[in-house]
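Here's the letter readout for the chains.
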Amino acid sequence: MIDKKKIEEHIRGIIEALGEDPNREGLIDTPKRVANMYEEVFEGIKYSNDDLVEMYGKTFEEDFTYTENDNDMVFMKDIEIFSYCEHHLALMYNMKVNVAYIPKKKIIGLSKIARIADMVGRRMQLQERIGQDIAYIVSKITESDDVAVIIEGEHGCMTTRGIKKMGTRTVTTTLKGTFKEDEKTFSRLMSLYK
């Protein structure tokens, strides 16, 4: 799916368009290095959200007892990821993903939540869509409609170009089910988030 040869050709063209010599010693292997890097950092492009549900869908049911009155919450905090803004291909960095869900019948392994966040970030993205994608995948795997994703991060398109406001952080929230509908559950989530 990722055409490394084509990437190499285009990176060479960009180097030329910038007025540099692509045959200069320091640049001669740059197209190949960039193609290899893009294959790694955009790995998530190869998979749909439903593919990720299949890949990371292992759950634990026999070790978990749920009753309708339970108000249990799983909250995983400060999962570090990076991504690339689809508008400028600028790095989104220092990103911390926070994922919460209220288990119904299934619980997901904690490492799977981190893997989902990482793979969703490995696409050309918007921070808002990262939250939506993670919420969709976690909801499908756990069969819980009660999912929340809070993300904070810095965007190279804000900090290193344009307005150049270093240290500016963007916070986005994706709230589903009781996190959106119930003030107490939302307040509990926010107290854990702080």
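Here, the structure is the one placed above.
This structure is a prediction, so every number in the text was calculated from the model and none was measured. (Residues numbered from 1 in each chain as written. Predicted model: local features only at pLDDT ≥ 70, side-chain atom pairs only at ≥ 80, totals over all residues. Heavy atoms only, no water.)

Details of helix H2 (residues 30–41)
Next up, step 1: Between the first and last C-alpha of H2 there are 16 Å, a value that for twelve residues agrees with the 16 Å anticipated at 1.5 Å per step.
Next up, step 2: Buried residues of H2: Thr-30, Pro-31, Val-34, Ala-35 and Val-41, and no others. In an axial view of H2, the angular spread of the buried residues amounts to 140 degrees, which keeps them on one side of the axis.
Next up, step 3: Looking at the buried side of H2, the elements it contacts are helix H1 (4–17) and strand S2 (74–85). (Helix = DSSP H or I, 4+ residues; strand = E, 2+ residues; numbered from the N terminus. Expected span 1.5 Å × (residues − 1). Buried < 20%, exposed > 50% of the residue type's maximum accessible area, 1.4 Å probe, protein only. Arc of directions from axis to C-beta. Contact = heavy atoms within 4.5 Å.)

Looking at the state of the cysteines
Next up, step 1: A full pass over the atoms with the stated rule returns zero disulfides.
Next up, step 2: The thiol sulfur of Cys-85 is not disulfide-bonded, and the nearest other cysteine sulfur, from Cys-157, lies at 4.1 Å.
Next up, step 3: The class for Cys-85 is buried, based on a relative accessible area of 6%.
Next up, step 4: According to the relative accessible area criterion, Cys-157 is buried, its value standing at 14%. (Disulfide = S-S within 2.5 Å.)

Brief notes about the packing of aromatic side chains
The relation between two aromatic rings is expressed through the spacing of the ring centres and the mutual angle of the planes.
Next up, step 1: Under the defined criterion, the tally for this structure stands at three aromatic pairs.
Next up, step 2: Relative to Phe-42, the ring of Tyr-38 lies with its centre 5.3 Å away and its plane at 65 degrees, an arrangement referred to as edge-to-face.
Next up, step 3: Taking relative accessible area as the criterion, Tyr-38 reaches 22% and is therefore assigned partly exposed.
Next up, step 4: Between Phe-82 and Tyr-84, the aromatic rings sit 6.2 Å apart at their centres with planes inclined by 90 degrees, giving edge-to-face as the arrangement.
Next up, step 5: Residue Phe-82 is classed as partly exposed on the basis of its relative accessible area of 24%.
Next up, step 6: The class of Tyr-84 is buried, set by a relative accessible area of 13%.
Next up, step 7: Of the aromatic side chains, those joined through ring pairs into one cluster are Tyr-38, Phe-42, Phe-82 and Tyr-84. (Phe/Tyr/Trp six-rings, centres within 6.5 Å; stacked < 30°, edge-to-face > 60°.)

Considering the side chain of Gln-125
Next up, step 1: Inspection of the secondary structure puts Gln-125 in strand S5 (residues 124–125).
Next up, step 2: On the accessibility criterion, Gln-125 (1% relative accessible area) is buried.
Next up, step 3: Residues contacting Gln-125, with those up to four places away along its chain left out, are Ser-83, Tyr-84, Cys-85, Glu-86, Met-92, Val-120, Ile-130 and Asp-133.

Considering the pairing of S2
Next up, step 1: Summarising the sheet, S2 and strand S3 (residues 91–101) pair through eight bridges and their orientation is antiparallel. Opposite Val-74, over in S3, you have Tyr-101 as the bridge partner.
Next up, step 2: A loop of five residues connects S2 with S3, the two strands running antiparallel in sequence, and Leu-89 in this loop sits at a positive phi of about 55 degrees.
Next up, step 3: As paired strands, S2 and S5 are joined by two bridges and run parallel to one another. Each bridged residue has a counterpart across the sheet, and for Cys-85 the counterpart in S5 is Gln-125. (Pairing = 2+ DSSP bridges.)

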